[in-house]
Amino acid sequence: MNDPAQFTRAQHLWLVAGAIPFLLSIFLLGVSLNSGLLTAFAIGWPLLQVFGYTMTLRMAKGDPSHDLVKVQVILHYIALALLLALVGRTL
């Protein structure tokens, strides 16, 4: 779309908001491969994010503040909340 230096503040916000669950999923993958717990979820979640963000950004024509991208980011925060609830119940 535009040069990254020309992104608006809202676009930067949604880019960072999408990067946080992705980085946490990579961290979960490392912990999971070390401990052997939740391995299928830990492998699938980053893949789901990569394909999901790629498709929604393509459909949004590269605009990170498009509603499709926002829904994708919120979906991954819901997955993160469910994961935290699952881990919280087991402790």
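Above: the structure in question.
The rules behind each value
Residues numbered from 1 in each chain as written. Predicted model: local features only at pLDDT ≥ 70, side-chain atom pairs only at ≥ 80, totals over all residues. Heavy atoms only, no water. Helix = DSSP H or I, 4+ residues; strand = E, 2+ residues; numbered from the N terminus. Expected span 1.5 Å × (residues − 1). Buried < 20%, exposed > 50% of the residue type's maximum accessible area, 1.4 Å probe, protein only. Contact = heavy atoms within 4.5 Å. Phe/Tyr/Trp six-rings, centres within 6.5 Å; stacked < 30°, edge-to-face > 60°. 1 Å grid on protein atoms, 1.4 Å probe; cavity = no way out; pocket = protein on both sides within 12 Å on 5 of 7 lines; lining within 4 Å. Points joined across faces, edges and corners; volume = space filled by probe spheres on them. Nonpolar A, V, L, I, M, F, W, Y, C, P; charged D, E, K, R; others polar.

**Some details on helix α1 (residues 9-35)**
Then, in step 1: Over its 27 residues, α1 extends 39 Å from the first C-alpha to the last, a length consistent with the 39 Å expected when each residue adds 1.5 Å.
Then, in step 2: Along α1, the residues classified as buried are Gln11, Trp14, Ala17, Gly18, Pro21, Ser25, Leu28 and Ser32.
Then, in step 3: The inward-facing, buried residues of α1 abut α2 (39-59) and α3 (67-90).
Then, in step 4: Gly36 sits one or two residues past α1 and shows a positive phi near 85°.

**Regarding the packing of aromatic side chains**
Then, in step 1: Considering all chains together, one arrives at 1 aromatic pair under this definition.
Then, in step 2: Considering the side-chain rings of Phe41 and Trp45, the 5.5 Å spacing of their centres and the 25° angle between planes classify their relative orientation as stacked. Here Trp45 and Phe41 lie together in helix α2, a separation of 4 residues that amounts to about one turn.
Then, in step 3: Classification of Trp45 by relative accessible area gives buried; the value is 2%.

**Here's the deal with the layout of surface pockets**
Then, in step 1: Of the pockets and cavities examined, the largest pocket occupies roughly 290 Å³.
Then, in step 2: Together, 14 residues line the largest pocket, and Leu28, Val31, Leu38, Leu83 and Val87 are the ones closest to its centre.
Then, in step 3: For the lining of the largest pocket, the secondary-structure elements that each account for two or more residues are α1 and α3.
Then, in step 4: Grouping the constituent residues of the lining of the largest pocket by class yields 11 nonpolar, 3 polar and no charged.

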